[in-house]
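# Close look at the chain arrangement
Below are the chains, spelled out letter by letter.
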Amino acid sequence: MFSHLTYCKSIGAFLLAGIVLFSENAIADPVLDKILNTHNIRLAWVDNTKPISWLSNGKPAGMAIDICLDVVENLKQRYKTNINVTWVKVATAARFQVIANNQADILCAVAANTGQRDKLVSFSTPWLYTKMNYLTKKENNISNKEMLAGHTVGVISGGTSAIMLAKMNQQFNYSISVKLVRDFSEGFSLLADDHITAFVTDDIIIRGKLVDIPDREKYQMNPEGFGETLSYGLVVAKDAYNMKDIINEDIKAIFTSGRFDKLYNKWFMSPVSPSGGSVQQPMSENLLEQENRLLNTQDNSAQQ
């Protein structure tokens, strides 16, 4: 009888261990596992989106790039291992699909969190807030978004601006002729060559572009932007649970340590072009509120 009970307990323990092991494997993070096993991380980035990400002196640079590199350093220290970085330059229109298809591990680029995109990939804690805006030439005399009616307007295919423009088009009884473009560079080029009257995209991207346009005094944009506030985050695959948590912890640490202020001043308030031009975009109210909230959370934790 005793040996039978012992046998049953052993079997029970074995089955329990198997269930636990199965559960752990079921929720394991394949992205993090691959990074640690290969000692390599693939960081996706998009060019020509100053001050978020662009090519500078032969390598990616910008706010999103620096935050991603901070995450890599965090991973090295956390797991006490070396991790090499492979940069994966991606097309603007395909940037989320690249992450969803596991062709890169983290998206370090312009990445506004929308309900539709959140079904495809996972977004980190926001590190920037912006709105939609348009860029047009002053000679076209367009002083507000309502005056885009009757004109040809460029937007990136599949982007947030395309969704916004579709809503505007419905509002204006479909009187806007929509020109879909592949990326930000094409949109700005079509505008410069008068193939479109306006280019609609994220406000911060327009401000970054104006820094580099030699004849920028010929262009104008809405001072406040329009539409809903957009939040930028780093992006990982839906099953990268642990990776997302690590990124969120790192972003929180960047805010609470004061490093975020330094990074923001570096990319948004200081010269970012050979001519000495600066975006000169102070932190938004949303960003200041987030920073204060994270700082308060840290203070409360320290007092407990």
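First, a word on scope: everything that follows refers to the structure included in this document. Quick caveat, the model's predicted, so the values are computed rather than measured.

Conventions used here
Per-chain numbering applies: the sequence of each chain, read as written, is numbered from 1 onward. Given that this is a predicted model, residues contribute local features only at a pLDDT of at least 70 and side-chain atom pairs are listed and counted only at 80 or more, while totals for whole chains, interfaces and linings are drawn from all residues. As a rule here, side-chain values cover all heavy atoms of the structure and leave hydrogens and water aside. We call a set of buried Ala, Val, Leu, Ile, Met, Phe, Trp, Tyr and Cys residues a nonpolar core when their side-chain atoms join them within 4.5 Å. Accessibility here uses a 1.4 Å probe with only protein chains present; expressed as a share of the type maximum, an area under 20% marks a residue as buried, one over 50% as exposed, and anything in between as partly exposed. Going along the chain from the N terminus, every DSSP run of H or I of four or more residues is numbered as a helix, and every run of E of two or more is numbered as a strand. Whether two residues touch is decided by their heavy atoms; if any such pair falls within 4.5 Å, the residues are in contact. Only protein atoms enter the 1 Å grid, on which a cavity is a set of points fitting a 1.4 Å probe that cannot get out and a pocket is an open set with protein on both sides within 12 Å along at least 5 of 7 lines, lining residues being those with an atom within 4 Å of a point. Grid points are joined across faces, edges and corners, and a volume is the space filled by probe spheres set on the points. Asp, Glu, Lys and Arg are counted as charged, while Ala, Val, Leu, Ile, Met, Phe, Trp, Tyr, Cys and Pro are counted as nonpolar; the rest, among them Gly, fall into the polar class. Convention adopted: a line fitted to C-alpha atoms gives each axis, helices being fitted over their contacting stretch, and angles between N-to-C directions are expressed from 0 to 180 degrees. An angle below 35 degrees is read as roughly parallel, one above 145 as roughly antiparallel, one from 65 to 115 as roughly perpendicular, and any other as oblique. Note on convention: the crossing is left-handed when the near helix lies turned anticlockwise from the far helix by less than a right angle, right-handed when the turn is clockwise.

Take the nonpolar core next. Among the nonpolar cores identified, the biggest contains 93 residues, and Ile-52, Ile-106, Trp-127 and Met-243 are the most heavily contacted of them. Per-element accounting of this core gives the leading share, eight residues, to helix α3 (residues 63–79). Discounting chain neighbours no more than four positions away, the residues touching Trp-127 are Ile-52, Met-63, Ala-64, Ile-67, Ala-109, Tyr-232, Gly-233, Leu-234, Phe-255, Phe-260 and Leu-287.

Attention shifts here to empty space enclosed by the protein. Using the criterion set out here, one finds one cavity of 30 Å³ or more in the structure. Lining of the largest cavity is provided by 13 residues; of these, Arg-95, Gly-159, Thr-160, Ser-161 and Asp-202 occupy positions nearest its centre. Its residues assigned to classes, the lining of the largest cavity shows five nonpolar, five polar and three charged.

So, about the packing of α3 against helix α10 (residues 259–269). Two packed helices can be described by the angle between their axes and the distance between those axes. α10 packs onto α3 with a crossing angle of 150° between their chain directions and a minimal axis gap of 10 Å. The angle between α3 and α10 places the two elements in the roughly antiparallel class. By crossing handedness, the relation of α3 to α10 is classed as right-handed. Where α3 approaches α10, its residues Met-63, Asp-66, Ile-67 and Asp-70 are matched on the opposing element by Arg-259, Phe-260, Leu-263, Tyr-264, Lys-266, Trp-267 and Phe-268. The residue makeup of the contact of α3 with α10, split by class, is seven nonpolar, no polar and four charged.

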